[in-house]
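Structural features, examined
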Amino acid sequence: MISKALNHFYFKIIRKKLKQYPDPSINRKNIYIFPTKDGFQLGLFLITALIASTIYQINLGLIILVTLSVLFFLSILITYENLNHIQIKDYENIIDSNGKEPLKLIINNSSKQKKINLDIIDNKDVLKSETFNLNTGANIISFTNPFLKRGCYDYPLLKIQTIFPFGITKAWNWFQLKERFYVYPSPIMYFKDLNHFLVETLKYKSDFSEDFDGIDQFQEGMSESKIAWKISNSKDQLYIKKFDSKSESKKILIDYNQIPIQDHEKKLGIMVFLLKECLQQNKIFAIKIKDQSSDFGDNKKHFEHCLKLIAEAD
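Residues numbered from 1 in each chain as written. Predicted model: local features only at pLDDT ≥ 70, side-chain atom pairs only at ≥ 80, totals over all residues. Heavy atoms only, no water.

1. A closer look at the overall build of the chain
A tally of regular secondary structure across the chain gives 7 helices and 17 strands. Within the chain, buried positions represent 39% of all 314 residues. A separation of at least 24 residues holds for 66% of the contacts in the chain among residues at least 6 apart in sequence. Accessible surface computed for the chain: about 19400 Å², of which carbon and sulfur atoms make up 54%. (Helix = DSSP H or I, 4+ residues; strand = E, 2+ residues; numbered from the N terminus. Buried < 20%, exposed > 50% of the residue type's maximum accessible area, 1.4 Å probe, protein only. Contact = heavy atoms within 4.5 Å. Areas by Shrake-Rupley, 256 points an atom, 1.4 Å probe, with all protein chains shown as cover.)

What follows is the structure in structure tokens.
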């Protein structure tokens, strides 16, 4: 219990300190370096051997000690530089709640040297940590997504560390991205496709008008509200009125209230499915969730904005 309280206090201090930095970058000001267990043993051996060599005036021992000391301090410098000049950014701040999509970060190595044997570790041991080599330039690193519930989350507090080259010193740094990321519900195929949704529900019509453009024979799946009853009765066949829109492109509103089921989360999943259909078919679309609605758009950026609204929906 005391250990958990101390850890909570420790991580609280770390998060407070990280807010002082504008971007999660690793440089000389915020790198911590400390001997490992093997490093402590080597240091203790060097001190003991130095005392013994001095007392007994063993010149060979002093030469060996100088060599080991140089090796020790060289290890400190190499370990330090192996973590220096690294920047961390988010790659995609919106992911599916199915757990299949990984959480991605961009690790940018702005130095000319390759970074070797780096680990990224979550303080709660949730993220999958793997040793990786970091080439110069931007590198995308993926982690197992620990957030399987729809919503908006803070990025976890992470630690990047290295034990290199001789395993006697360890350098590390804590970082937490200031942005937030969104988890949207997995798509649910309640309607067969977008056309099925448009047939079964209302379309957004307030911004364009339609002119009568003749009649056509009724086919299964067409809206019964546009059946030309007088002509159908006279010819003993169903005919439907055709209309021509004056607007250049029809705008589709995906309205939460028009989805004919009661389950809140399933409704949101159906909306995600319809959004993907709109994007694939290059439609102009918007969403409305209760009293909240988006603007109309037809690109991926607008699509992601709609997904964020769904992720945060009450």
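2. Describing the environment of Leu105
Tracing the backbone through its elements, the reader meets Leu105 in strand β5 (residues 103-109). A relative accessible area of 2% places Leu105 in the buried class. Considering only alpha carbons, one finds Leu105 and Leu177, 72 residues apart in sequence, at a separation of 9.7 Å. Beyond its immediate stretch of four places on either side in the chain, Leu105 contacts Ile88, Lys89, Asp90, Tyr91, Asn139, Ile140, Ile141, Phe143, Tyr155, Leu158, Phe175 and Leu177.

3. A look at helix α7 (residues 300-311)
Taking 1.5 Å per residue as the helical rise, α7 with its 12 residues ought to reach 16 Å, and the 16 Å between its terminal C-alpha atoms agrees with that figure. Among the residues making up α7, those that are buried are His302, Phe303, Cys306, Leu307, Leu309, Ile310 and Ala311. Where α7 is buried, its residues touch β4 (94-96), β9 (151-154), β12 (180-184), α6 (264-280), β16 (284-289) and β17 (292-293). The backbone nitrogen of Lys301 has a side-chain oxygen 3.4 Å away, supplied by the residue at the start of α7, namely Asn299. (Expected span 1.5 Å × (residues − 1). Polar contact = N/O pair within 3.5 Å; in protein donor to acceptor, adjacent residues only side chain to side chain.)

4. Overview of the packing of helix α2 (residues 37-56) against helix α3 (residues 59-83)
If you want to describe how two helices pack, look at the angle between their axes and the distance between the axes. Where α2 contacts α3, the axes come no closer than 10 Å and their chain directions differ by 155 degrees. The orientation of α2 relative to α3 falls into the category roughly antiparallel. You can see that α2 and α3 cross each other, and the crossing is left-handed. Where α2 abuts α3, its residues Gly39, Leu42, Phe45, Leu46, Ala49, Leu50, Ser53 and Thr54 lie against Gly61, Leu62, Leu65, Leu68, Ser69 and Phe72. Here the residues of the contact of α2 with α3 sort into 9 nonpolar, 5 polar and no charged. (Axes fitted to C-alpha atoms, helices over the stretch in contact; angles between N-to-C directions. Parallel < 35°, antiparallel > 145°, perpendicular 65-115°, else oblique. Left-handed = near helix turned anticlockwise from the far one by under 90°. Nonpolar A, V, L, I, M, F, W, Y, C, P; charged D, E, K, R; others polar.)

5. Topic: the packing of aromatic side chains
If you walk through the whole model with that rule in mind, you get 7 aromatic pairs. A ring pair is formed by Phe34 and Phe40, whose centres lie 5.5 Å apart and whose planes are at 65 degrees; its orientation type is edge-to-face. Through pairs of rings, three or more aromatic residues link up here, namely Tyr153, Tyr155 and Phe181. The cationic tip of Lys170 hangs over the ring face of Trp172; the distance from NZ or CZ to the ring centre is 5.4 Å. Just above the ring of Phe296 sits the side chain of Lys251; from NZ or CZ to the centre is 5.3 Å. (Phe/Tyr/Trp six-rings, centres within 6.5 Å; stacked < 30°, edge-to-face > 60°. Lys NZ or Arg CZ within 6 Å of the ring centre and 35° of its normal.)

6. What to know about the confidence of the model for the chain
For the chain, the average pLDDT comes to 81, and 79% of its residues sit at 70 or higher. Note on residues 203-209: pLDDT under 50 across the span, and 13 contacts to partners over four residues away in sequence or across chains. (pLDDT = per-residue confidence, 0-100.)

7. Thoughts on the sheet that holds β5
Spatial ordering of the open sheet is given by β1-β3-β5-β8, a layout of 4 strands whose pairing is antiparallel. The open sheet has two edge strands, β1 (25-26) and β8 (137-143), and neither has a second partner. (Pairing = 2+ DSSP bridges.)

8. Things to note about the sheet that holds strand β7 (residues 132-134)
Strands sit in the order β2-β11-β10-β6-β7 across an open sheet of 5 strands; the sheet is antiparallel. With partners counted over all chains shown, the strands left at the sheet margins are β2 (32-35) and β7, one partner each. Going across the sheet, the axis of each strand differs from the next one's by a mean of 35 degrees, ignoring polarity. Summarising the sheet, strand β6 (residues 115-122) and strand β10 (residues 158-162) pair through 5 bridges and their orientation is antiparallel. From the neighbouring strand, Asp122 faces β10, where its bridge partner is Leu158. Across the face of the sheet, α3 comes into contact with β2, β6, β10 and β11 (169-175) while running at roughly 25 degrees to β11.

9. Focus on the packing of α6 against α7
One can describe the packing of α6 onto α7 by two numbers: an axis separation of 11 Å at closest approach and a directional angle of 175 degrees. Looking at the two axes, α6 sits roughly antiparallel to α7. Here Leu268, Met271, Val272, Leu275, Lys276 and Leu279 of α6 come into contact with α7, specifically with Lys300, Phe303, Cys306, Leu307 and Ile310. When the residues that make up the contact of α6 with α7 are grouped by side-chain class, the tally is 9 nonpolar, no polar and 2 charged.

10. Here we look at the pairing of β6
By the bridge criterion, 2 bridges tie β6 to β7 in an arrangement that is antiparallel. Across the sheet, residue Lys115 finds its bridge partner in β7, namely Leu134.

11. Focus: α3
Here α3 spans 37 Å end to end across 25 residues, near enough to the 36 Å set by a 1.5 Å rise per residue. Listed in full, the buried residues belonging to α3 are Gly61, Leu65, Phe72, Ser75, Thr79, Tyr80, Asn82 and Leu83. Remark: His85 follows α3 within two positions and exhibits a positive phi of approximately 65 degrees.

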